[in-house]
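What follows is the residue order along each chain.
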Amino acid sequence: MPTLVIVGAQWGDEAKGKLVDVLGGQADLVVRFAGGNNAGHTVITGGKTYKFQLVPAGILHTDTIAIIGSGMVVDPKGLLEEIDRTLAQKPDLGTLKISSAAHVVFPYHRMLDVLEEEARGENKIGTTSRGIGPAYQDKVARIGIRMGEFVNPTIFEQRLHEVLAVKNRLLMMFGSEPIEFDALFKEYSTYADRIRPYVEDTEMFVADAVEAGQKVLFEGAQGAFLDLDSGTYPFVTSSHPVAGGACLGTGVGPLALQRVLGVCKAYTTRVGSGPFPTELHDAVGEQIRQQGHEFGTVTGRSRRCGWLDLVGLRQSCRINSLSGLVVTRLDVLSGVGPLKVATEYRTDGKSLRAIPANPWDFAKVEPVFEDLEGWDDHLCDARSLNELPTAARRYLQFIEDYTKTPVAIVSIGPDREETIVVRPDLIWG
Ligand code: GDP
Ligand code: IMO
Ligand code: MG
C-alpha cells in the first residue's frame, strides 16, 4: 500500500506544489484533498512556471491521474481558466477527475467572503476573497451544491433556485444587490457542460487504487496552522489541511495512509492576519522577503517573514504524524548572517509546549531563540548534503534533533532539479 501524504507544516506556501511535482512522477494517482483556489501551488520545470490553484500539481506528469477530492471547494470558472492556461503551456497533461462530492463555489460565496471581511473590521482574517469560507459554511449548513448536482441540469436548476433565495436575502442584509437567477444559471450551466466529463465517484476509484497497491499521493493545500481545528483559530482557513484531512477529503480510512511528509520552509512566513510569534519586523525580515520573493501567488500580498519556529514545527510533526520533513528554501537564508530558531515559548514565566489554542493568549507569548551559525555560499548547485556548507548541514541537523523527525528532502531552489533527496526510504512505504 504505497501511499504518501504531502502537507504544509506551517502557514502555507511552503512549496508543496514543487514537492508534489517532484514526487508526482512516481505516483499513479495524485489526489488533492482540501481547500479551493485560495491555494497557489507553483511548479518550475523545463524553463516554464506553472501556477496551480485547483488542479493537483501532479498533472504535469502525462501518465498520472490527478483527482480533485471531495474535501475541496471548486470555483468552476477558475477551474476552467486554469485547465485552459495549463493546457496551453503543456498539451500532454495527465488525466483529470473531479469528485462528484466536491462542493461548488458560486459568485455569492465570493461576494459574501468580501462582505463578511468588511464586517469584521479590525479583526478581519485577511482571506483570499475566493469565497472559500462561505462555500464551506454552506457545506456544514447542508445547503451546499455539490459537483454531482451541478452537472445534472434539472437538479442544478432546482438547487440553485432554493439556495439563491436564501443567499439573496443575506446579500440584501449586507446592503448588496441580489443576484439574478436566470443570468447566473445560464452562465454556470455553460461551465457545468464543460466540467461534466471530468466528474465521477472518485472515492471508489481512489479506494480501488489503494487496494490494488498503486502509488497514491495525497496533495495537501494550506498548512497545519491554518487548519480549522488545529490552527490559530479564528485566523485560519475553513478546511482541514492537516494529514487527517487526506482521509476526510478523499474517502480513504486512516490506516490507508502510510507515509506523511511535512513541507516546511527553512524560516517561517504567513499571509493574512493572525498570531506569528517569530515574525521579524526589521531589516532581516525585509532581507528574507526580498531574497525569497515572498509575495503571495494568489493575491500578490507581501508575506510576513520570520525565523523558523521549532515549537510550532514540533507541534506540526505531532498533529500530522510526520514520517519526515521536507525543508525548502534553504537557499534563501544564504547571506542573511547569524540565524535564530525559536526553541521555546514563554508566557507569564511558564514554558509552553505548543502554540496556545486561544488567540488572546498569543499576545503574551515570548519566543526564546537559539543562535545558529549562518552561511554565505549559494546552495542551488548542491545535489547532495555533502555539497552544502557545514553551517547549513548543522542547521538541518538541529531541526532533526529538535523535532525528532528526519529530514527526508531538502530543496535549494524552485526548479524541479534543485532538490536533494536525503532519505528515499522515507518517501513511499
Ligand atoms: P505552496 O503553496 O506550498 O505550493 O508554495 P507556493 O508555490 O505558494 O510558494 C513557494 C514558492 O517558492 C514558489 O514560488 C516556488 O517556485 C518557490 N520555491 C520552491 N522551492 C524553493 C526553494 O527551495 N528555494 C527557493 N528559493 N524557492 C523555492
Ligand atoms: P497554499 O496551498 C498561504 C490564508 C489566507 C488567510 C486565511 C484564510 O498556497 O499554501 P481563506 O481565503 O482560506 O478563507 O483565507 O488563510 N491562506 C493561505 N495562506 N497559503 C495558502 O495556500 C493559503 N490559503 C489560505 O491568507 O490568512
Ligand atoms: Mg501557495
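Owing to the predicted nature of the structure, the values given are computational and were not obtained by experimental measurement.

(A) Molecular detail of the site of ligand 2. In the region of ligand 2, 20 residues are neighbours, and Asp13, Lys16, His41, Thr128 and Thr237 sit closest. One of the side-chain nitrogen or oxygen atoms of His41 is found 2.7 Å away from an oxygen atom of ligand 2. Across the complex, the protein chains shield 97% of the 550 Å² of accessible surface that ligand 2 would expose by itself. A majority-of-atoms criterion places ligand 2 in the largest pocket. In the shell around ligand 2, the residues fall into seven nonpolar, 10 polar and three charged.

(B) Main features of the coordination of the magnesium ion (ligand 3). Distances from the magnesium ion (ligand 3) to its protein donors, Asp13 (OD) and Gly40 (O), fall at 2.0 to 2.2 Å. Highlighted residues: Asp13 in the loop between strand 1 (3–8) and helix 1 (16–24) and Gly40 in the loop between strand 2 (29–32) and strand 3 (41–45), separated in sequence by 27 residues. Judged by its relative accessible area of 14%, Gly40 is buried.

(C) Structural detail: empty space enclosed by the protein. Under the counting rule described, the total for this entry stands at one cavity of 30 Å³ or more. For the largest cavity, the calculated volume is near 50 Å³. Lining the largest cavity are Ala9, Gln10, Trp11, Phe225, Thr268, Asp309, Gly312, Leu313 and Ile355. Tallied by class, the residues present in the lining of the largest cavity amount to five nonpolar, three polar and one charged. Counting the residues that make up the lining of the largest cavity, at least three belong to each of domain 1 (3–99 + 199–256) and domain 3 (264–426).

(D) Expanded view of the site of ligand 1. Contacts to ligand 1 come from 19 residues, most closely from Lys16, Gly40, Thr42, Asp331 and Ser411. Taking Gly40, its main chain carries an N or O atom lying 2.8 Å from an oxygen atom of ligand 1. Ser411 is positioned with one of its side-chain polar atoms (N or O) 2.5 Å from an oxygen atom of ligand 1. Alone, ligand 1 offers 580 Å² of accessible surface; in the complex the protein occludes 92% of this. At a threshold of 2 Å from the grid points, most atoms of ligand 1 map onto the second largest pocket. Elements with a minimum of two residues in the shell around ligand 1: helix 1 and strand 3. Split by residue class, the shell around ligand 1 holds five nonpolar, seven polar and seven charged. Here the shell around ligand 1 spans two domains, since at least three of its residues come from each of domain 1 (3–99 + 199–256) and domain 3 (264–426).

(E) A look at the pairing of strand 16 (residues 339–347). Extensive coverage of strand 16 is indicated by the burial of seven of its nine residues. Pairing analysis gives two bridges linking strand 14 (residues 308–309) to strand 16, with the strands arranged parallel. Within strand 16, the position partnered with Leu308 by the bridge is Val341. With seven bridges joining them, strand 16 and strand 18 (residues 366–372) adopt antiparallel strand pairing. What sits directly across from Val341, in strand 18, is Glu370.

(F) Region of interest: the sheet that holds strand 11 (residues 259–265). Taken together, 10 strands build an open sheet; the order of strands is 9-7-5-2-10-1-11-15-19-20 and the sheet is mixed. Single-partner strands in this sheet number two, and they are strand 9 (199–200) and strand 20 (419–421). Examined bridge by bridge, strand 7 (residues 95–99) and strand 9 share two bridges and lie parallel to one another. Following the sheet pairing, Ser99 is matched in strand 9 by Glu200.

(G) View of the packing of helix 3 (residues 107–120) against helix 4 (residues 132–140). As a packed pair, helix 3 and helix 4 sit with axes 7 Å apart at the nearest point and diverge in direction by 115°. With respect to helix 4, the element helix 3 is oriented roughly perpendicular. The element helix 3 and its partner helix 4 pack so that their crossing is right-handed. Contacts between helix 3 and helix 4 involve Tyr108, His109, Leu112, Asp113 and Glu116 on the former and, on the latter, Ile132, Pro134, Ala135, Gln137 and Asp138. Residues that form the contact of helix 3 with helix 4 fall into these classes: five nonpolar, two polar and three charged.

Cut-offs and rules
- Residues numbered from 1 in each chain as written.
- Chains lettered and ligands numbered in written order.
- Predicted model: local features only at pLDDT ≥ 70, side-chain atom pairs only at ≥ 80, totals over all residues.
- Heavy atoms only, no water.
- Near = heavy atom within 4 Å.
- Polar contact = N/O pair within 3.5 Å; in protein donor to acceptor, adjacent residues only side chain to side chain.
- Areas by Shrake-Rupley, 256 points an atom, 1.4 Å probe, with all protein chains shown as cover.
- 1 Å grid on protein atoms, 1.4 Å probe; cavity = no way out; pocket = protein on both sides within 12 Å on 5 of 7 lines; lining within 4 Å.
- Sits in = over half its atoms within 2 Å of the grid points.
- Nonpolar A, V, L, I, M, F, W, Y, C, P; charged D, E, K, R; others polar.
- Donors = N, O, S within 2.8 Å, 3.2 Å for Na, K, Ca; no water.
- Helix = DSSP H or I, 4+ residues; strand = E, 2+ residues; numbered from the N terminus.
- Buried < 20%, exposed > 50% of the residue type's maximum accessible area, 1.4 Å probe, protein only.
- Points joined across faces, edges and corners; volume = space filled by probe spheres on them.
- Domains from an automatic or database assignment.
- Pairing = 2+ DSSP bridges.
- Axes fitted to C-alpha atoms, helices over the stretch in contact; angles between N-to-C directions.
- Parallel < 35°, antiparallel > 145°, perpendicular 65-115°, else oblique.
- Left-handed = near helix turned anticlockwise from the far one by under 90°.
- Contact = heavy atoms within 4.5 Å.

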